[in-house]
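Residue strings, one per chain:
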Amino acid sequence: MSKTGSQERKMVKTYLDELPKGDEAFIQAEEKKSRKERKILPEGCRDSVLYRDVMRIAWPSLVELLLTSLVSMADMIMVGSIPLYGDDAISAVSLSNQPKFIFLSLLIALNVGVTAAVARARGEGDHEKANDTLRQGLVISLAVCIFGSVVGFAFAEPLVRFMANSGLNDNILAMSTSYLKIQMAGFLTMGITTTFTAALRGSGNSKLPMVYNLTANLINVCGNYLLINGHFGFPAMGVVGASIATVIGQTVALLIALWAVGTGKYYFKVLLTDFFRGFKLDKVIIGRIVKVGIPSLAEQFVMRVGIILFSRQVASLGDISFTTHQVCMNIQSLTFNLGQAMAVSSTSLVGQSLGKRRPDMAEHYSRRCSRLGMWISLALGLFFAFFGKYVVALYSDTSAVLEASVPVMILLGIMQPIQTPQFILSGSLRGAGDTKVTAVITMMGVLIMRPLIAYVTINMLDLGLMGAWYAIAMDQITRTTLVRLRYGTGKWKKIVL
């Protein structure tokens, strides 16, 4: 078997691979079709085939994201079990995650460009371009990781104090600073792994990221058990132990990713020795990544700034409200997994379809991703609306926290079928490289609307924690509406990378 054949053994095959590549005449014919005509599938194609393609990419991502969130949930539950100051520990971990995610957002944004560029190259049938895109993405990620590690570690305490907004006690601040320093010291392992994941998903391979990320999560949970409260002779290190366990798990994930990609059996071929020899910068490929990544970077940045401003307002409500808020936000992040998993599938299939000059297939795949997401989100919403209190009870047995969480969880359930389409359609737009508009929409919702409404509902209407969650709901409704309108224009199908 040839080298190329060996590399393609692990490549996910879809119905799109069997279709002929489109040309200019085909694209012009598609543009003339009515909305009703565009819904008609190509001759010989069935709904079941497209749903199969969507799920082949989405299910590993869904399993990975779901179990990753369950591990995050387990982290919170385990640190919440620390004797005497469990609720403080929950607040400390949540507080320190915000500045960490600021640096992580830089990588997430640039990796959107990697995913879109790899998907286009895969659709074009240009394996070398896809491989070179991964290499250039790793160069960028390495620089961002080094910068983030140094700044995050050196300024850990000021970052935590800024986040606290003078609303939390000194014990929480001290634990949060220690946790953040360890996270930033190991930031390189997380950052490089996310770039491998982005490239693999762009090629349609979501199983390998599932394997190494789930391995990392398993190690994380085991490490938590050994190091948080101390078992089998290990010291009881509290939140410091939880942070160390997370970094160890992330390191293992990176080692597995490096080994797998180094074998050349998973579409890409990148060796560890390439890092020591250095990669030659390719202005064309970096330009392609940056073209998509910079607007996404702006989106991620304004999102994090907006969340920080919002979190500072909630922190000012005091320990009980902040703990309840962080528990409910952790549960909400679990619900994001459905939309994110379907978005992974949508991004990959839309990017590959446009790379093959088949805008019709991009629309067919995107539409089916949205349908699947909506059906599942309705069921998920009902579950959280009726049983949310019992989920919160896994985190904390404090009666005040449980009581405050009931109306929040009902609202969270109502939000499910509203927020899920936003994730999926945004994934379709990103797969097409249409990231500028999504950045503006995010800025309007998270940076302007959410903090502004929260300020009014918390400080002027005195609605407390529910005021903050009304602001979240209004933000989600607005962003979903605007994303739908942008998708409906069809302009994303004409973007050239």
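Only a predicted model underlies this, so the values are computations on that prediction, with no experimental measurement involved.

**Q** How would you summarise the overall build of the protein if you had to cite specific residues and measurements?
**A** Of regular secondary structure, the protein possesses 18 helices and zero strands. The C-alpha atoms of the protein give 22 Å as radius of gyration, which agrees with the globular expectation for 497 residues (23 Å, within 12%). With respect to the principal axes defined by its C-alpha atoms, the protein has extents near 70 × 50 × 35 Å. A buried classification covers 57% of the 497 residues belonging to the protein. Summarising the internal contacts of the protein: among those between residues at least 6 apart in sequence, 85% fall at separations of at least 24. With the model as given, the accessible surface of the protein reaches about 20,300 Å², and the carbon-plus-sulfur share is 66%. On the protein, the mean spot of the 48 positive side-chain charges and the mean spot of the 32 negative ones are 6 Å from each other.

**Q** Could you give an account of a nonpolar patch on the surface, with specific residues and numbers?
**A** Residues Leu382, Phe383, Phe386, Phe387 and Tyr390 make up a contiguous nonpolar surface patch of about 610 Å² in total accessible area. Residue classification places phenylalanine 386 among the exposed positions, given a relative accessible area of 62%.

**Q** Tell me what's going on with the packing of helix H6 (residues 127–154) against helix H8 (residues 170–185), and back it up with residues and numbers.
**A** For the pair H6 and H8, interaxial distance at closest approach is 8 Å and the crossing angle is 165°. As far as their axial angle goes, H8 and H6 are roughly antiparallel. Helix-helix and strand crossings are classified by hand; for H6 and H8 the assignment is left-handed. Each of Gly148, Ser149, Gly152 and Phe153 in H6 lies in contact with H8, whose residues at this interface are Lys181, Met184 and Ala185. Counted by class, the contact of H6 with H8 contains three nonpolar, three polar and one charged residues.

**Q** Kindly report on the packing of helix H13 (residues 283–315) against helix H17 (residues 436–460), identifying the contributing residues and their values.
**A** Packed helices, taken two at a time, are described by the angle their axes make and the gap between the axes. Contact geometry for H13 and H17: axes closest at 8 Å, N-to-C directions at 5°. Comparing the axis directions of H13 and H17 gives the class roughly parallel. Its residues assigned to classes, the contact of H13 with H17 shows 15 nonpolar, five polar and three charged.

**Q** Please set out helix H16 (residues 399–432) residue by residue, giving values where relevant.
**A** Along an α-helix, residues three or four apart share an orientation, since each turn contains 3.6 residues. The end-to-end C-alpha distance of H16, which contains 34 residues, comes to 48 Å, matching closely the 50 Å that a straight helix rising 1.5 Å per residue would cover. At glutamine 416, H16 shows its maximal bend, which comes to roughly 45°, and the proline proline 417 appears one to four places after that position. Burial within H16 is extensive, with 24 of its 34 residues counted as buried. Immediately downstream of H16, the backbone of glycine 433 shows phi near 90°, a positive value.

**Q** Any chance you could break down the pattern of salt bridges for me, citing the residues and the numbers?
**A** Under the counting rule described, the total for this entry stands at 13 salt bridges. Its salt-bridge partner being aspartate 53, residue arginine 52 comes within 3.2 Å of it at the nearest N-O pair. The exposure class assigned to aspartate 53 is buried, which follows from its relative accessible area of 0%. We note a salt bridge from lysine 129 to glutamate 124, for which the minimum N-O separation is 3.0 Å. On the accessibility criterion, lysine 129 (23% relative accessible area) is partly exposed. Residue class for glutamate 124 comes out partly exposed when judged on its relative accessible area of 33%.

**Q** Report on the environment of arginine 358, specifying residues and quantitative values.
**A** Inspection of the secondary structure assignment puts arginine 358 in the loop between helix H14 (319–355) and helix H15 (359–392). Ignoring sequence-local partners within four residues, the contact set of arginine 358 consists of Leu16, Leu19, Pro20, Gly22, Phe26, Pro42 and Ser353. Polar contacts involving the side chain of arginine 358 include one to the main-chain carbonyl oxygen of proline 20, which spans 3.2 Å. A distance of 2.9 Å separates polar atoms of two side chains, one belonging to arginine 358 and the other to aspartate 360.

**Q** Provide a residue-level description of the packing of aromatic side chains, including the pertinent values.
**A** Across all of its chains, the model carries six aromatic pairs by this definition. Arranged with centres 5.2 Å apart and planes meeting at 80°, the rings of tyrosine 267 and phenylalanine 268 form a pair that is edge-to-face. The same class applies to tyrosine 267 as to phenylalanine 268, namely buried. A ring pair is formed by phenylalanine 383 and phenylalanine 387, whose centres lie 5.7 Å apart and whose planes are at 35°; its orientation type is tilted.

**Q** Residue-level account of the nonpolar core, with values.
**A** Among the nonpolar cores identified, the biggest contains 83 residues, and Val79, Phe196, Phe268, Ile331 and Trp469 are the most heavily contacted of them. By residue number, the principal contributor to this core is helix H5 (residues 86–124), which donates 12 residues.

**Q** Break down the confidence of the model for the protein for me, citing the residues and quoting the values.
**A** Averaged over all residues, the pLDDT of the protein equals 83, while 93% of them reach at least 70. Mean pLDDT values for the elements of the protein range from 42 in helix H1 (residues 3–7) up to 91 in helix H18 (residues 464–489). Overall, residues 1–9 carries pLDDT values under 50, and its contacts beyond four positions in sequence, including any with other chains, amount to 11 contacts.

**Q** Describe in detail the side chain of threonine 189, supporting the description with residues and values.
**A** Tracing the backbone shows threonine 189 in helix H9 (residues 187–202). In this structure, threonine 189 is in contact with Val247, Gln250, Thr251 and Leu254, ignoring residues within four places of it in sequence.

Procedures and definitions
- Per chain, residue numbering runs from 1 following the sequence as it is written.
- The predicted origin of the model limits local features to residues at a pLDDT of at least 70 and limits the giving and counting of side-chain atom pairs to 80 or more, whereas totals for whole chains, interfaces and linings rest on all residues.
- The basis for the side-chain values is all heavy atoms of the structure; hydrogens and waters are excluded.
- We count a stretch as a helix when DSSP gives it H or I for four or more residues in a row; a strand needs E for two or more, and each element gets its number in order from the N terminus.
- Computation of the radius of gyration draws on C-alpha atoms alone. For the globule rule, the value is 2.2 Å times the number of residues to the power 0.38.
- The cut-offs for exposure are 20% and 50% of the maximum accessible area for each residue type, with area from a 1.4 Å probe on protein chains only; residues under the lower value are buried, those over the upper are exposed, and the others partly exposed.
- The contact criterion used throughout is that any non-hydrogen atoms of two residues lie within 4.5 Å.
- The Shrake-Rupley method, run with a 1.4 Å probe sphere, supplies the accessible areas, and residue values consider only the shown protein chains as cover.
- Note that His is not counted, nor are the chain ends; the positive residues are Lys and Arg, and the negative ones are Asp and Glu.
- Just so you know, the charge point we use is NZ for Lys, CZ for Arg, CG for Asp and CD for Glu.
- Patches draw on residues past 30% relative accessible area with no salt bridge. Two like charges within 9 Å are joined, as are two nonpolar side chains (Val, Leu, Ile, Met, Phe, Trp, Tyr) within 5 Å.
- Any carboxyl oxygen of Asp or Glu within 4 Å of a side-chain nitrogen of Lys or Arg constitutes a salt bridge here.
- Axes here refer to lines fitted to C-alpha atoms; in helices the fit is confined to the stretch in contact. Angles between the N-to-C directions go from 0 to 180 degrees.
- Reported orientations rely on four angle classes, namely roughly parallel under 35 degrees, roughly antiparallel over 145, roughly perpendicular from 65 to 115, and oblique for the rest.
- By definition, turning the near helix anticlockwise from the far helix through less than a right angle yields a left-handed crossing, and turning it clockwise yields a right-handed one.
- All amino acids are sorted into three groups, where Ala, Val, Leu, Ile, Met, Phe, Trp, Tyr, Cys and Pro are nonpolar, Asp, Glu, Lys and Arg are charged, and the leftover types, Gly among them, are polar.
- To estimate the expected span of a helix, subtract one from its residue number and multiply by 1.5 Å.
- What is called the bend at a residue is the angle between a pair of axes, fitted to the seven residues leading up to and ending at it and to the seven starting from it.
- Polar contacts here mean pairs of N or O atoms no more than 3.5 Å apart (in protein, one a potential hydrogen donor and the other a potential acceptor; neighbouring residues in sequence count only if both atoms are side-chain atoms).
- A pair of Phe, Tyr and Trp rings is counted when the ring centres sit within 6.5 Å of each other, with Trp represented by its six-membered ring. The angle between the planes then sorts it: under 30 degrees is stacked, over 60 is edge-to-face, the rest tilted.
- Buried Ala, Val, Leu, Ile, Met, Phe, Trp, Tyr and Cys residues that are joined via side-chain atoms within 4.5 Å together make up what is termed a nonpolar core.
- For every residue, the predictor reports its confidence as pLDDT, a number between 0 and 100.

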